[in-house]
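# Notes for the structure review
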Amino acid sequence: MVALCFVAALCFAAALFSVALYPVALHGAEPTGKLKEVLERGQLYCGVNGKLSGFGFMDPQGNMVGFDVDICRAVAAALFDDPAKVRFTPLSAPQRFTALQSGEIDLLSRNTTWTISRDSRVGLDFAPVVFYDGQGIMVKRELGVSSVSELDGASICVQTGTTTEKNLTDYFRNRGIAFNPVISQDYATSVDGFIKDRCDAFTTDRSGLLATKIKYPELADAVILEEVMSKEPLAPAVVQGESQWRDAVSWIVFGLIQAEELGVTRENIQRMSGSTDLNVRRLLGIEDTFGEDLGLSNDFLARTIRHVGNYGEIYERHLGMDSPFKLPRGLNDLWSRGGLMYAPPFR
Ligand SMILES: N[C@@H](CCC(=O)N[C@@H](CS)C(=O)NCC(=O)O)C(=O)O
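Cut-offs and rules
- Residues numbered from 1 in each chain as written.
- Predicted model: local features only at pLDDT ≥ 70, side-chain atom pairs only at ≥ 80, totals over all residues.
- Core = buried A, V, L, I, M, F, W, Y, C linked by C-beta atoms within 7 Å.
- Buried ≥ 20, exposed ≤ 12 C-beta atoms within 10 Å, placed from the backbone.
- Helix = DSSP H or I, 4+ residues; strand = E, 2+ residues; numbered from the N terminus.
- Domains from an automatic or database assignment.
- Contact = placed C-beta atoms within 7 Å.
- Near = placed C-beta within 6 Å.
- Nonpolar A, V, L, I, M, F, W, Y, C, P; charged D, E, K, R; others polar.
- Axes fitted to C-alpha atoms, helices over the stretch in contact; angles between N-to-C directions.
- Left-handed = near helix turned anticlockwise from the far one by under 90°.
- Parallel < 35°, antiparallel > 145°, perpendicular 65-115°, else oblique.
- Pairing = 2+ DSSP bridges.
- Right-handed = clockwise from strand over helix to strand, strands pointing away.

## Considering the nonpolar core
- Counting 91 residues, the largest nonpolar core has Leu44, Cys72, Val75, Ala78, Leu107, Val249 and Ile252 as the members making the most contacts within it.
- Top contributing element to this core by residue count: helix 3 (residues 67-80), with eleven residues.
- Counting residues domain by domain, this core receives three or more from each of domain 1 (33-132 + 234-337) and domain 2 (135-230).
- Excluding its chain neighbours within four sequence positions, the residues that come into contact with Cys72 are Leu44, Cys46, Val48, Val86, Phe88, Leu107 and Ser109.

## Brief notes about the site of the ligand
- Neighbouring residues of the ligand: 19 residues in total, closest Ser92, Ala93, Thr162, Tyr187 and Gly208.
- Within the residue set of the shell around the ligand, elements represented by two or more residues are strand 2 (51-52), helix 6 (163-174), strand 12 (201-205) and strand 14 (232-234).
- Residue classes in the shell around the ligand are distributed as four nonpolar, eleven polar and four charged.
- Each of domain 1 (33-132 + 234-337) and domain 2 (135-230) accounts for three or more of the residues forming the shell around the ligand.

## Observations concerning the packing of helix 9 (residues 243-262) against helix 13 (residues 300-308)
- Put simply, helix 9 and helix 13 touch, their axes get as near as 10 Å, and they point 65° apart. Along this stretch, helix 9 crosses helix 13, giving a crossing that reads as right-handed. Taking contact as the criterion, the partners of Ile252, Gly255, Leu256 and Ala259 in helix 9 are, on helix 13, Phe300, Leu301, Thr304 and Ile305.
- Across the contact of helix 9 with helix 13, the residue classes tally to six nonpolar, two polar and no charged.

## Details of the packing of helix 9 against helix 14 (residues 311-319)
- Contact pair helix 9 / helix 14: the axes reach a minimum separation of 6 Å and the direction vectors enclose 95°. Taken together, the axes of helix 9 and helix 14 are roughly perpendicular relative to one another. From helix 9, Leu256, Ile257 and Glu260 reach across to helix 14, where they touch Tyr311, Gly312 and Ile314.
- When the residues that make up the contact of helix 9 with helix 14 are grouped by side-chain class, the tally is four nonpolar, one polar and one charged.

## Here's the deal with the sheet that holds strand 13 (residues 223-224)
- An order of 11-10-12-9-13 is seen for the five strands of this open sheet, with the pairing classed as mixed. Edge strands, defined here as strands with exactly one partner in the open sheet, are strand 11 (179-184) and strand 13.
- Strand direction decides the pairing type here: strand 9 (residues 135-139) and strand 12, joined by five bridges, are antiparallel. Within strand 12, the residue paired with Met138 across the bridge is Phe202.

## Considerations on the domain arrangement of the protein chain
- Split by domain assignment, the protein chain resolves into domain 1 (33-132 + 234-337) and domain 2 (135-230).
- A C-alpha centroid distance of 29 Å is found between domain 1 and domain 2.
- Each side of the interface is counted separately: domain 1 has 15 residues, and domain 2 has 16 residues.
- In the side of domain 1 that touches domain 2, the residues fall into eight nonpolar, six polar and one charged.

## Points about the pairing of strand 11
- Two strands pair when backbone bridges link them, and strand 10 (residues 154-159) and strand 11 are joined in this way by six bridges, in the parallel orientation. Bridge pairing in strand 11 places Val158 opposite Ile183.
- For the segment spanning strand 10, helix 6 and strand 11, crossover handedness is right-handed.

## Description of the environment of Asp299
- Among the structural elements, Asp299 can be located in the loop between helix 12 (290-293) and helix 13.
- In sequence terms Asp299 and Arg73 are 226 residues apart; their C-alpha atoms lie 16 Å from each other.
- Sequence-distant contacts of Asp299, that is, excluding residues within four places in its chain, are made with Leu284, Gly285 and Gly291.

So, in structure tokens, the structure goes:
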């Protein structure tokens, strides 16, 4: 009898413990906090660069376009079934985090590196990396320099409020190379300084160097040196502590990557909706309730892909072989092709 009671008590304790460990599943989560606010407003406030070719800039027709801009549009498409329901705010490097903290923007999608201090002290939370980059240095061809070690004593144009500024100091100090930073508050002044020979070299993310070369005809001949000076994982960011909002943005980004892996594109999505492949059906919200569990609609990714395309399509449109960038996928290829783009299971 005593033994029976003991077993029953043990079972009861185990049941209590497992309830504590595995809370009741949240089917059809109510949107709260920032997600609720954005959904009720019916428009996404997105902070972008505004001046960076390929990533976020105004085209001659007055439309905001680029890789980072399409991440904003992908989120708007998932939330509202309309990629145009976005208000874009162009932001300089020093302005961008305040805009997020003050609530002026809901999402920052602007060549921003995910770092430990931004994730903690600065008060941001990051969605998955959308572009793996690294810092580089550009020089005029006539300088005749082919590696960073030859830049001893050079003056280098760099923009403040960036990871670039700190990496530059670390990289040169660690190698005992002397240099003189020429610091600007904004990108245009920094590039202008380089064009007008106020410095010998210009440094930023390698994608930014390429964008600058493409934008300024005076720099068509400039040389981007081989060295990759840092890791710059560029990721969308939201304000810290809005976990439902961060989850929504994160799974929209993962959905773009997963859609590429499954071969679901803007062109074939109609046909793919009839697929019997359970992975495709789950991604498009035909099976299960993953969208509702996030506080979204079950077809949130079908909306995104229909309007904006998958990750590879976004990349090709702005940075790929048919764009002025002609940038090979490299680290930004899918994991299954040797890159780092990898979405956790839709399960
Ligand atoms: N990824 C780096 C650098 C980002 C950055 O702001 N780069 C500059 C140079 S390409 C830029 O976009 N400037 C544009 C501006 O401030 O208007 C970071 O997050 O700090």
